[in-house]
Amino acid sequence: MSRFWVEKVTELQPYVPGEQPATGSVVKLNTNEHALSPSDAVMAAISAVQGEQLRRYPDPAASGLCDAIAAVEGLTAACVFPGNGSDEVLAHLWFAFLSGRTVCTLDTTYGFYPVWAKLYGSQLVEVPVLEDFSVDIGALGQSHDAIVLANPNAPTGLALRRADIESLVASNRDRLVIIDEAYYGFGAESAAPLVADYDNLMISRSLSKSHALAGMRVGYALAHPDLIEGLNRVKDSFNSYPLDAVAQAAATAAISDAEWFEQASQAVAQSRAQLTEGLGSLGFQVLPSMANFVFTRHPEVGGEALFAALRQEGVLVRRWSKPRIGDWLRITVGSGEQNERLLTSVAQFLKNQ
Ligand SMILES: Cc1ncc(COP(=O)(O)O)c(C=O)c1O
């Protein structure tokens, strides 16, 4: 706190990301990074970056990346907005379309939404998820300016069907529907095929999870060109060059490597099934996840104690001290070896109870 802070900064309630420990010796299953390393094509693209590309400013529009995304999605590049991580994309879209408006979301979802709502003066209406954490689509959107949903949802991992999202978008043609697909690529149906038909739909995606590029910070939005134009106006009022030359090269190579994406997504789904089975055999309830994490609790063990015991063992997972989910842990799907280390630590903890 300094006397130079403006009032708005004093009032900010920033998002707190998961811990990024300096030591490599922990089993890090707390921020949903991909279990595998990025594609070889990505590493080659990074190595091929020339000094001249660093001397000059990068392409402000990241056109090569937009073309690559558009080709994969069957859209035009005018429907793509790239950003410095999907958090930046979401922050810009919040500013562009949700500032000062009434926004409907869920009571159990991504913790950044309330932060942007406060920052940009939106009134956030948080519709409760049902007892089993599923979503009653019919309860959304009756009187709000916009709807924001993460699909799959975080931290539950539960996914909505594309047909449900289409019915929401179709029955709210004068409301913007934003679908945060940060966990795209791990089994959930994407709403991207609807973008060409609905000008009130915007999708945001992240390469952090789907393409193992959390360290590179790349995300993008897909929407009607008029919405994308609004995002570009905001972007060019903050920072004309959000994606550096290395990130553009890496992300373009990642998006273009369909084979890696397919194989890596399958590997995560397999590892998720093993982790789910392992936790199940230790008596845990595990929600059916379509993401690269699972949301789980043990009926006889408090979440806080288990979280602390795992941390003590050097196994990092995520937990929120919130009424409905305080006994639940969100565990990133790791490599087979990481999952085993987690399960061994959990079994040891249960034995000591
Ligand atoms: C639901 C959701 N949306 C968006 C993000 C942001 O992802 P990134 O900024 O790494 O693209 C995350 C990150 O954990 C997330 O869980």
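What you are looking at is a predicted structure, and each value in this text was computed from that prediction instead of being measured.

This part takes up the overall build of the protein. Helices and strands together make up the secondary structure of the protein, namely 13 helices and 12 strands. Seen through its C-alpha atoms, the protein measures out along the principal axes to roughly 60 × 50 × 50 Å. The proportion of buried residues among the 353 residues of the protein is 51%. For the protein, contacts bridging at least 24 residues in sequence account for 71% of all contacts bridging at least 6. Summing over all exposed atoms, the protein offers an accessible surface of approximately 16300 Å²; the carbon and sulfur share of this is 51%. If you average the places of the 26 positive and of the 39 negative side-chain charges in the protein, the two averages end up 6 Å apart.

All right, on to the site of the ligand then. Neighbouring the ligand are 13 residues, the closest being Ser86, Asp180, Tyr183, Ser206 and Ser208. Contact between the ligand and Asp180: a nitrogen atom at 2.7 Å from a side-chain N or O atom of the residue. Look at the ligand: alone it shows 390 Å² of surface, and the protein chains cover 92% of it. Top element by residues in the shell around the ligand is helix H5 (residues 86–98). It accounts for three residues. Classifying every residue of the shell around the ligand by side-chain character gives five nonpolar, four polar and four charged.

What follows deals with the sheet that holds strand E7 (residues 201–206). In space, the seven strands of this open sheet follow the order E2-E8-E7-E6-E5-E3-E4, with mixed pairing throughout. With one partner strand each, in any of the chains shown, strand E2 (80–83) and strand E4 (123–127) form the two edges of the open sheet. The average undirected angle you get between the axes of adjacent strands in this sheet is 20 degrees. Strand direction decides the pairing type here: E7 and strand E8 (residues 219–223), joined by five bridges, are antiparallel. Note that in E8 the partner of Ser204 across the bridge is Ala221. This element, helix H4 (residues 63–73), spans E2, E7 and E8 of the sheet and lies at about 130 degrees to E2.

Moving on: the domain arrangement of the protein. Splitting the protein by domain gives domain 1 (7–37 + 259–351) and domain 2 (40–257). Measuring from the centre of the C-alpha atoms in domain 1 to the corresponding centre in domain 2 gives 24 Å. Across the boundary between the two partners, domain 1 contributes 32 residues, which contact 35 residues of domain 2. When residues of domain 1 are sorted by the area they lose upon contact with domain 2, Tyr15, Met290 and Arg324 head the list and together hold 27% of the total.

This part is about the environment of Ser345. Considering the arrangement of structural elements, one finds Ser345 in helix H13 (residues 336–351). Separated by 332 residues in the primary sequence, Ser345 and Gln13 place their C-alpha atoms 34 Å from one another. Filtering out sequence-adjacent residues up to four positions away, Ser345 remains in contact with Leu310, Glu313 and Val315.

Before going further, it helps to examine a nonpolar patch on the surface. A cluster of nonpolar residues, Met1, Trp5, Val6, Val9 and Leu12, forms a patch on the protein surface that exposes about 510 Å² of accessible area. Judged by its relative accessible area of 35%, Val9 falls in the partly exposed class.

Turning our eyes to something else, we now look at the sheet that holds strand E10 (residues 293–297). With antiparallel pairing, three strands are arranged side by side in an open sheet as E9-E10-E12. Strand pairing shows two members of the sheet lacking a second neighbour, strand E9 (285–286) and strand E12 (329–332), which therefore form its edges. Sheet topology note: the E9/E10 ladder contains two bridges and is antiparallel. Opposite Gln285, over in E10, you have Arg297 as the bridge partner. Seen against the sheet, helix H11 (residues 258–281) touches E9, E10 and E12 and runs at an angle of roughly 10 degrees to E10.

Right, let's get into the side chain of Thr105. As for its position among the elements, Thr105 is in strand E3 (residues 102–106). Judged by relative accessible area, which is 1%, Thr105 ranks as buried. Apart from residues no more than four positions distant in its own chain, Thr105 is found in contact with Tyr113, Leu124, Val125, Glu126, Val127 and Val148.

Ranked by size, the top nonpolar core spans 51 residues in total, and within it Leu201 and Leu222 carry the most contacts. Looking at which element gives the most residues to this core, the answer is helix H10 (residues 245–256), with six residues. No fewer than three residues from each of domain 1 (7–37 + 259–351) and domain 2 (40–257) sit in this core. In contact with Leu201, other than residues within four places in its own chain, are Val169, Leu176, Val177, Ile179, Ala191, Leu194, Val195, Leu222, Ala223, His224 and Leu227. Counting residues in each nonpolar core, the second largest holds 28 residues, with Phe81, Val89, Trp94 and Leu98 among its members.

Attention now goes to the pattern of salt bridges. Opposite charge on two side chains permits pairing when their charged atoms draw close. By the definition in use, this model includes nine salt bridges. With a closest N to O distance of 2.9 Å, Glu73 and Arg205 form a salt bridge. On the criterion of sequence distance, the pair formed by Glu73 in helix H4 and Arg205 in strand E7 is long-range, its members being 132 residues apart. With a closest N to O distance of 3.3 Å, Lys235 and Asp236 form a salt bridge. Since its relative accessible area comes to 5%, Lys235 is described here as buried.

Calculation notes
- For every chain, the first residue of the written sequence is number 1, and numbering continues from 1 along that sequence.
- Residues qualify for local features only when their pLDDT is at least 70, as the model is predicted, and side-chain atom pairs are given and counted only at 80 or more; totals for whole chains, interfaces and linings, by contrast, use all residues.
- With hydrogens and water stripped out, all remaining heavy atoms of the structure feed into the side-chain values.
- The helix and strand labels rest on DSSP assignments: H or I over at least four residues marks a helix, E over at least two residues marks a strand, and numbering proceeds from the N terminus.
- Only protein chains enter the accessibility calculation, which uses a 1.4 Å probe; a residue is then buried when its area is under 20% of its type maximum, exposed when over 50%, and partly exposed in between.
- Two residues qualify as a contact provided that any one of their heavy atoms is within 4.5 Å of a heavy atom in the partner residue.
- Surface accessibility in these figures is a Shrake-Rupley result with a 1.4 Å probe; residues are shielded only by whichever protein chains are displayed.
- Positive charges come from Lys and Arg alone, negative charges from Asp and Glu alone, with His and the N- and C-terminal ends not counted.
- Here the site of a charge means NZ on Lys, CZ on Arg, CG on Asp, or CD on Glu.
- Any residue with at least one heavy atom within 4 Å of a molecule or strand is counted as near it.
- Each polar contact in these results corresponds to two N or O atoms within 3.5 Å; when the atoms are within protein, one needs to be able to donate a hydrogen and the other to accept it, and residues that are neighboring in sequence are counted only if both atoms are side-chain atoms.
- As a working rule, the residues Ala, Val, Leu, Ile, Met, Phe, Trp, Tyr, Cys and Pro are called nonpolar, Asp, Glu, Lys and Arg charged, and the rest polar, with Gly in that last group.
- One bridge is not enough; two strands pair if DSSP finds at least two bridges between them.
- Convention adopted: a line fitted to C-alpha atoms gives each axis, helices being fitted over their contacting stretch, and angles between N-to-C directions are expressed from 0 to 180 degrees.
- Domain extents, as shown, originate in an automatic or database domain assignment.
- Put simply, buried area is the surface a 1.4 Å probe can reach on two separate parts but cannot reach once they are joined, added for both.
- Residues forming no salt bridge and having over 30% relative accessible area are the ones grouped into patches, like charges within 9 Å of each other and nonpolar side chains (Val, Leu, Ile, Met, Phe, Trp, Tyr) within 5 Å.
- We define a salt bridge as a contact between a side-chain nitrogen of Lys or Arg and a carboxyl oxygen of Asp or Glu at a distance within 4 Å.
- Among buried residues, the Ala, Val, Leu, Ile, Met, Phe, Trp, Tyr and Cys ones that are joined through side-chain atoms within 4.5 Å form a nonpolar core.

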